[in-house]
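Chain by chain, the residues:
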Amino acid sequence: MATHFLLHLVLLLCFAPLLQGVIVKTKALFAGRAGAPLLQPYYDLARLLRKDCVFSRTTTWVFLAGPVAGVVVPVLASLFMPFGALPAPLSFTGDLLLFVYLFGVARFFTVASALDTGSSFEGMGGAREVTFSCLAEPIVLFCLMVLAGIADGLSLTALFGPHLADAWRGPEGFSLGLVLVCLFVVLLVENSRIPFDDPNTHLELTMVHEVMVLDHSGPPLALVLYGAALKLMVLGAPVVRLLLPFTSGSLAGDTLVFLAGMLLLAVLIGVVESTMARLRLIRIPQILVGTSLLAGFALVLVLR
Amino acid sequence: MIWFVAGMLMTALSGVPGLFASRHGHGGERLACLLVLAGVASAAAGVVAVLAGGAPALLNQPWSVPGGELALRLDPLAAIFILPLCLVVGGGALYGLGYWPQRDHPGNGRRFRLFYGLLGAAMMLVLSADNSLLFLFAWEVMAVAAFFLVTTEQERAEARRAGFIYLVSAHAGALALFALFVLLAQETGSMHFPAAASLAGGSATLIFLLGLFGFGFKAGLMPLHIWLPIAHAAAPSHASALLSGIVLKTGIYGLLRLTSFFAVIPAWWGWTVLLLGVLSGIFGVALALAQHDLKRLLAYHSVENIGIIAIGIGLALLGRSYDVAELTLLGMAGALLHVVNHGLFKSLLFLSAGSVVHATGTRELDHYGGLLRRQPWTAVCFLGGAVAICGLPPFNGFVSEWLIYLAAFRAISGDELSLRLAVLAAPALALTGGLALACFVKVFGVTFLGEPRTPAAAVNHDAAPSMRGPMVGLLLACAWIGLLPGTLAPLLQQAVVHWAPTTGAAVNLTAPLAPLPLVGAAGWGLLLLLLGLGWWLQRRTRKAPRNVATWGCGYLAPTPRMQYTASSFADFLVSQFRFGLWTERHGGKVHGLFPVAGEFSTHTPDAVLDRVLLPGSRRLAKWSSWLRARVQNGLIPTYLLYVALTLLFLLVMVAR
């Protein structure tokens with residue numbers, strides 16, 4: 001139990017920024033550039049943590065609550081999410097809803113800390129963020145319902161248990177395929193990736209997530225970046241588990257399969273970002289509603 | 001029982017001594033507050049004693065009204081409604097000392113306190129009555145007392161209109177209840193409430209529909225919510241807290257009591273309640289999002305939360321129809337806990353909103369800004385309430401929504417396809433939750449964060465201590481249920497068994513609620529981690545300079561008016577719900593290369609009252625007056641014709 005707990009946290013806390021490095025590297029290779037070193041996100045974090053910071057005179061303590069919740073929530077939520085074949089350290093009936101609502105806490109405080117600056121740009125980013133995530137929330141619930149219909153049990157460990165390998169071959173395989181697509185879309189939306197948001201855009205008006213953290217600097221900014229990396233890993237874990245539902249039996253084997261899967265996912269995100277353009281803002285709600293319908297269809301197939 | 005009755009009487013009479021006190025003195029209001037506090041404490045003690053005893057307490061005295069008897073009954077189902085009532089009524093009375101002092105309101109303060117106590121006591125009687133006539137009597141007293149609270153500021157046209165619409169809807173609902181209880185008495189042969197699960201349900205279609213209409217009106221289920229937004233906005237804030245937190249729940253209580261009488265529940269009852277719940281949940285929160293009046297917005301959130309409660313009840317009813325005891329238990333436990341939770345956090349929000357309105361003198365969200373610096377206590381209390389109403393851990397809203405979600409997920413493993421469809425309540429709840437989060441981030445951000453948008457918001461005083469106390473108390477109650485939900489599990493189980501007696505035999509009551517302490521533990525983890533990391537970050541950034549302006553993308557002269565407003569924050573999301581909201585937009589067109597100053601405003605009227613009922617009634621009135629003008633046209637020959645026709649008609653009738 002204690003080893004699981006430690007392994008889980010070590011994997012998450014140490015490995016998460018590497019995924020960002022892999023995405024950036026993939027995009028650089030596509031663009032024909034050498035790109036930043038793979039470990040650049042770690043250097044950035046170390047540099048930001050050493051720096052001092054500046055606060056706007058408008059801000060209050062709420063301004064710090066956003067970055068804090070952004071780090072605490074993925075760490076706590078990861079304890080309920082199995083990493084590949086490694087079971088989650090904590091698990092109880094209904095923890096899947098806790099998982100979903102914990103990210104709601106992070107969103108609440110991130111948007112509140114954006115509004116705390118009194119900047120209209122940050123308000124705009126906050127408005128977009130809450131719009132997208134409230135449309136993404138039903139998709140997540142549909143996907144969880146499909147998985148709950150296949151599994152027996154209502155904890156994330158049960159949902160992403162070893163039965164998935166058989167389910168892929170069975171009649172539920174098609175539903176699982178749809179769920180995989182939907183969860184990947186949610187992963188891209190929630191982590192502000194292309195085609196829903198561009199993490200590297202240079203115009204405040206076009207940003208969604210990045211504009212909300214314009215005023216953060218130094219250690220708070222480090223927490224924001226680290227939190228984003230953690231969130232990508234925690235939300236990527238279910239996608240990887242659906243893709244690679246194998247259980248090798250040994251702890252080292254399971255860990256390696258999971259890490260390889262996460263790297264693969266990062267490369268995949270890099271490929272998507274390199275080959276797609278950003279969607280127009282008004283198209284995004286339509287895509288999200290469409291994805292909900294897709295997930296609803298997967299549910300119908302399971303309920304039938 | 002005797003403690004409960006004594007408490008009820010004390011609360012009812014709390015405003016009477018004040019009538020004889022001076023119009024400008026403190027004495028009356030302090031005595032009234034003391035009497036209310038003693039009354040609710042005594043009533044709560046009575047209820048707790050009954051719960052500790054195990055068996056329901058009964059009281060039966062003769063009453064000279066034909067068919068009536070003074071029959072009271074305290075069981076766990078009633079206790080779940082009465083306990084938050086005691087807390088909110090007591091807290092509101094204390095809050096009123098600072099919010100509505102007699103010296104500032106010499107004209108209406110005494111009347112307000114008289115009806116405040118009467119309303120509290122009438123609700124206690126509604127929740128404990130065991131006889132139809134007594135129930136209806138208490139119901140009417142409650143409706144009339146609430147009317148006088150809504151029209152406290154009767155000199156304002158808004159309050160008079162709100163009071164009128166409230167009175168019309170309260171009595172439309174009461175009319176249905178009169179019919180309902182007559183039919184029920186025909187079925188059972190007496191006006192005494194039948195025991196739980198003692199009636200066969202099959203033929204009771206009309207009874208159920210009348211109950212749904214009458215109780216739904218009081219609870220504010222969509223599309224019967226028409227009185228809520230205006231009445232809550234017009235009443236003083238501690239009266240709004242009572243109306244929204246507790247009065248609405250008497251409708252839910254009535255529906256629960258009524259459905260508990262029947263042994264067999266047809267499946268369409270559950271589906272109807274479930275669908276109305278989903279409708280109320282989604283449209284309630286969407287309408288709330290489009291509002292920019294703080295108290296109107298909170299009132300629409302009551303519609304949403306009543307919807308969530310109705311989803312839980314619908315699932316529990318389905319569980320009874322399909323004989324899935326676990327579904328009944330989870331759905332009903334979730335609904336009952338949400339009744340308590342909504343009573344707590346909505347009162348907390350109304351009281352903190354009252355503190356903001358009291359300080360700034362306006363309810364318009366777009367006039368606020370930066371109040372966190374000036375009202376730190378109010379801001380923290382409002383933030384707690386906002387997190388709770390969004391259903392986020394570690395507060396209480398999450399626990400009840402979690403139970404309702406679990407019930408929906410249980411439906412997926414049902415045997416019949418039709419039951420499995422009930423799982424679709426879960427995505428609807430998720431959408432509601434997402435929209436509620438967007439709405440409360442908006443309210444909290446626009447009100448308390450940023451810079452003051454108008455001079456009104458640049459106030460410099462926080463809530464008075466007598467207002468602060470009840471707010472902090474309610475916040476602690478919210479945190480208590482969120483962090484230690486296991487402590488309420490036994491009460492919830494007992495209440496469910498009183499609602500559906502067969503559940504106790506069919507399923508192990510503790511197993512489905514067993515993860516509750518773990519949910520609480522996760523809440524503790526979240527709270528401690530947040531505080532720990534927050535403390536570290538605060539220390540690390542202590543020396544940072546705080547004298548620079550917010551980054552304005554190079555623009556050098558930003559003003560507070562350039563901040564995002566409540567309307568602009570919600571606009572993107574509201575435009576996704578265009579099909580149901582029909583927001584009106586005025587102005588905003590820009591012409592020419594050098595446009596002159598323009599103005600832009602949006603307004604979202606109520607979808608039912610302003611779009612359907614009022615225009616419909618107006619057209620009906622116009623048509624009726626047209627018809628009257630044709631019939632009563634003032635020509636003697638026409639009247640002679642009427643007389644002749646009537647005679648002819650009577651002759652035909654007699655000859656037949």
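Above this text you will find the structure in question.
Section: the interface of chain B and chain A
Here comes step 1: Counting residues at the interface gives 63 residues for chain B and 61 residues for chain A.
Here comes step 2: Going through the elements one at a time, α14 (371–374), α16 (396–411), α17 (417–420), α18 (425–448), α23 (516–540) and α24 (566–576) of chain B are the ones with two or more residues in the side of chain B that touches chain A.
Here comes step 3: Residue composition of the side of chain B that touches chain A, grouped by class: 44 nonpolar, 14 polar and five charged.

Brief notes about the packing of helix α13 (residues 325–360) of chain B against helix α20 (residues 489–499) of chain B
Residues and elements named next belong to chain B.
Here comes step 1: The contact between α13 and α20 brings their axes to 9 Å, and the two run at 115 degrees. Taken as axis vectors, α13 and α20 run roughly perpendicular relative to one another. By crossing handedness, the relation of α13 to α20 is classed as right-handed. Touching Thr328, Leu329, Met332, Ala333, Leu336 and Leu337 of α13 are Leu492, Ala495, Val496 and Trp499, all from α20.
Here comes step 2: Each residue belonging to the contact of α13 with α20 can be placed in one class, and the counts come to nine nonpolar, one polar and no charged.

Some words on unusual backbone geometry
Here comes step 1: A cis amide bond, omega 10 degrees, links Ile194(A) with the succeeding residue Pro195(A).
Here comes step 2: Of note, Pro195(A) is situated in the loop between α8 (173–190) and α9 (209–212).
Here comes step 3: That bond from Pro393(B) to Pro394(B) is cis: its omega, 5 degrees, falls within 30 degrees of zero.
Here comes step 4: Tracing the backbone shows Pro394(B) in the loop between α15 (376–389) and α16.
Here comes step 5: Of note, the phi angle at Ser192(A) is positive, near 55 degrees, even though the residue is not glycine.
Here comes step 6: Here Ser192(A) is to be found in the loop between α8 and α9.
Here comes step 7: When the 22 C-beta atoms within 10 Å are taken as the criterion, Ser192(A) is described as buried.
Here comes step 8: A positive phi angle is found at Asp323(B), which is not glycine, with a value near 60 degrees.
Here comes step 9: Mapping Asp323(B) onto the fold places it in the loop between α12 (294–321) and α13.
Here comes step 10: Overall, the presence of 12 C-beta atoms within 10 Å leaves Asp323(B) in the exposed class.

Some points on the environment of Gly118(A)
Here comes step 1: Within the element layout of this structure, Gly118(A) appears in the loop between α4 (95–115) and α5 (120–150).
Here comes step 2: With 28 C-beta atoms counted inside 10 Å, the residue Gly118(A) sits in the buried group.
Here comes step 3: Once residues lying within four places of it in the same chain are set aside, the contact partners of Gly118(A) are Thr58(A), Gly450(B), Glu451(B), Thr550(B), Pro560(B) and Gln563(B).

Each value, and the rule that gives it
- Residues numbered from 1 in each chain as written.
- Chains lettered and ligands numbered in written order.
- Predicted model: local features only at pLDDT ≥ 70, side-chain atom pairs only at ≥ 80, totals over all residues.
- Contact = placed C-beta atoms within 7 Å.
- Helix = DSSP H or I, 4+ residues; strand = E, 2+ residues; numbered from the N terminus.
- Nonpolar A, V, L, I, M, F, W, Y, C, P; charged D, E, K, R; others polar.
- Axes fitted to C-alpha atoms, helices over the stretch in contact; angles between N-to-C directions.
- Parallel < 35°, antiparallel > 145°, perpendicular 65-115°, else oblique.
- Left-handed = near helix turned anticlockwise from the far one by under 90°.
- Buried ≥ 20, exposed ≤ 12 C-beta atoms within 10 Å, placed from the backbone.

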